[in-house]
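These are the residues of each chain, in order.
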Amino acid sequence: MSDSGTYLYAVASESVPVDVPGVAGTPVRTLTRGALVAYVSTVPLAEFGEEPLRHSLEDLDWLAETARAHHRVVEEAARVPVAPVRLVTVYADDDQVHELLDRRGEEFLAVLFHVTGRREWGVKAYAGQAAGPAATPVNGGDPGRPGTSYLSRRRESLRGREQARRLAVTRAEHIHASLSRLAVASRRHRAQDPRLSGHDEWMLLNGAYLVDVGRDEEFAALVGSLGGDGVDVRLTGPWAPYSFTVLEPG
Amino acid sequence: MERMTQSGPVVRQPYGVAPPGGREPANLGDILERVLDRGVVIAGDIRVNLLDIELLTIKLRLLIASVDTARELGIDWWEHDPWLSGRDRELVEENRRLRRRLAAVEGPADLDIGHREAGHRDV
């Protein structure tokens, strides 16, 4: 077996120069087949084979570096409509990628058509501490009956928190629905862990929205109008259409 | 379209637009969830690395899932995640997935595989 493989980043219908290094510092090149272009790198299987990956995927530094490199290439390629491919998709050689483009060309073209003239935006909504799993206050209350006082405060706190949670969930649904009406397509993703999001607040919404380029400003304005009253709404992007280039496995 | 051209391990605003109020730059979490959990999956097409990719798919899903799991359990994300450090449990998951895949490929007649999978289900 060869000691190198072909790492696939993205598929597009138009080639643009990619001047950033790929994963593991490898140069990025393109493979063309029919109407499609694949962005690839030659990678050493000593790093991207099964056994090395098994270990390195558990190494957050390696994963972060590789994810960023992958993402950089996708972003460069995304100056034109692009279908990003899942991280660490490694083929035996270029021929297999050619074969992929031959066999699934129609599907790729359909996916690319869907995202043409549109961009993905990320919207996250955070609730203030009141709605999240806030700490129960431990001071104050009746000093003569600390136990009863504690339980009563605890109950109040839980009730208040539950109510705040319900309100926040409703609010998130409203925000998502409003944004979805303006978008061509939308997805609600799993909320991020605070250690990944970098925010301590409770993430109510982690949405992705595919928006016509001409409506970008309108979308951003709408995002801005949906925050307030203890809910912080944040916009990220534009992203390559990661959330809207789903190809059925097969 | 204006674009910044510097490279390096920094997250760039893709279109060189200064973030207005409410706009935040892409963080590692945003990037990880996109490259790991979204985008085109064509694992089934990968001939030589079929097994590798099957294993990876499971692992990547676990990495994403573990974010929630870790939070619920109140443990340190990543390093102490039971899915990742519990080697046995992880192997069972890998086995299960691979056996299911094998069974799908080889047809339902392969009772041995089904039987062994059932034996591991509650581990």
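Note that the coordinates shown come from a computational prediction; the quantities given were computed from them, not determined experimentally.

### A closer look at helix α1 (residues 28–37) of chain B
Residues and elements named next belong to chain B.
Right, so step 1: Of all ten residues that make up α1, seven are buried, and the element is covered over most of its length.
Right, so step 2: Restricting attention to buried positions, one finds in α1 the residues D30, I31, L32, E33, R34, V35 and L36.
Right, so step 3: Remark: G39 follows α1 within two positions and exhibits a positive phi of approximately 85°.

### Let's talk about the sheet that holds strand β8 (residues 202–212) of chain A
All names here are of chain A.
Right, so step 1: One open sheet holds the four strands; their spatial order is β7-β8-β6-β9, and the pairing between them is antiparallel. Either end of the sheet is taken by a strand with one partner, and the two such strands are β7 (185–188) and β9 (231–239). This sheet shows a mean twist of 20° between the axes of neighbouring strands, independent of strand direction.
Right, so step 2: With four bridges joining them, β7 and β8 adopt antiparallel strand pairing. Across the sheet, residue A185 finds its bridge partner in β8, namely L210.
Right, so step 3: Running over the sheet, helix α7 (residues 216–226) touches β6 (118–127), β8 and β9 and is turned about 160° from β9.

### Notes on the pairing of strand β2 (residues 29–33) of chain A
All names here are of chain A.
Right, so step 1: In terms of strand pairing, β2 meets strand β3 (residues 36–44) through five bridges, oriented antiparallel. Each residue of the ladder has a partner; that of T32, found in β3, is V37.
Right, so step 2: Counting the residues between successive antiparallel strands, the hairpin from β2 to β3 contains two residues, one of them, G34, with a positive phi of roughly 55°.

### Some thoughts on the environment of A191(A)
Residues and elements named next belong to chain A.
Right, so step 1: Residue placement: A191 occurs in the loop between β7 and α6 (194–197).
Right, so step 2: Separated by 67 residues in sequence, A191 and K124 place their C-alpha atoms 8.6 Å apart.
Right, so step 3: Those residues in contact with A191 that lie beyond four places of it in its chain are M203 and N206.

### Topic: the packing of helix α3 (residues 60–77) of chain A against α1(B)
Right, so step 1: One can describe the packing of α3(A) onto α1(B) by two numbers: an axis separation of 10 Å at closest approach and a directional angle of 75°. Put simply, α3(A) runs roughly perpendicular to α1(B). Contact with α3(A), carried on its side by A64(A), A67(A), R68(A), H70(A) and H71(A), involves L28(B), I31(B), L32(B) and V35(B) of α1(B) and no other residues of that element.
Right, so step 2: When its residues are assigned to classes, the contact of α3(A) with α1(B) shows six nonpolar, two polar and one charged.

### Topic: the packing of helix α5 (residues 146–182) of chain A against α7(A)
All names here are of chain A.
Right, so step 1: Where α5 meets α7, the axes come as close as 10 Å, and the angle between the chain directions of the two elements is 165°. By the angle between their axes, α5 is roughly antiparallel relative to α7. The handedness of the crossing between α5 and α7 comes out as right-handed. Note on element contacts: α7 touches α5 through E218, F219, L222 and L226, opposite I175, S178, L179 and L182.
Right, so step 2: By residue class, the composition of the contact of α5 with α7 is six nonpolar, one polar and one charged.

### A word on the pairing of β9(A)
Residue and element names in this part refer to chain A.
Right, so step 1: By the criterion of burial, β9 is predominantly enclosed, with seven of the nine residues buried.
Right, so step 2: Note: β6 against β9, seven bridges, orientation antiparallel. Among the inter-strand pairings, K124 is bridged to a residue of β9, identified as R234.

### Observations concerning the nonpolar core
Residue and element names in this part refer to chain A.
Right, so step 1: Within the largest apolar cluster, 72 residues are counted, with the highest numbers of intra-cluster contacts made by Y9, A10, Y39, A77, V123, A125 and L204.
Right, so step 2: Among the elements that take part in this core, β8 stands out by supplying eight residues, more than any other.
Right, so step 3: Both of domain 1 (4–115) and domain 2 (118–244) provide at least three residues apiece to this core.

### Considering the environment of G39(B)
Right, so step 1: Looking at the element boundaries, G39(B) is found in the loop between α1 and α2 (50–73).
Right, so step 2: In contact with G39(B), other than residues within four places in its own chain, are P84(A), V85(A), R86(A), Y242(A), T245(A) and R34(B).

### A look at unusual backbone geometry
Residue and element names in this part refer to chain A.
Right, so step 1: The omega torsion of the bond from G237 to P238 falls at 5°, within 30 degrees of zero and hence cis.
Right, so step 2: Positionally, P238 belongs in strand β9.
Right, so step 3: Although it is not a glycine, V88 sits at a positive phi angle of roughly 50°.
Right, so step 4: Relative to the elements of secondary structure, V88 occurs in the loop between β4 (82–84) and β5 (90–91).
Right, so step 5: Phi is positive for D229, close to 55°, though the residue is something other than glycine.

The rules behind each value
- Residues numbered from 1 in each chain as written.
- Chains lettered and ligands numbered in written order.
- Predicted model: local features only at pLDDT ≥ 70, side-chain atom pairs only at ≥ 80, totals over all residues.
- Buried ≥ 20, exposed ≤ 12 C-beta atoms within 10 Å, placed from the backbone.
- Helix = DSSP H or I, 4+ residues; strand = E, 2+ residues; numbered from the N terminus.
- Pairing = 2+ DSSP bridges.
- Axes fitted to C-alpha atoms, helices over the stretch in contact; angles between N-to-C directions.
- Contact = placed C-beta atoms within 7 Å.
- Parallel < 35°, antiparallel > 145°, perpendicular 65-115°, else oblique.
- Nonpolar A, V, L, I, M, F, W, Y, C, P; charged D, E, K, R; others polar.
- Left-handed = near helix turned anticlockwise from the far one by under 90°.
- Core = buried A, V, L, I, M, F, W, Y, C linked by C-beta atoms within 7 Å.
- Domains from an automatic or database assignment.

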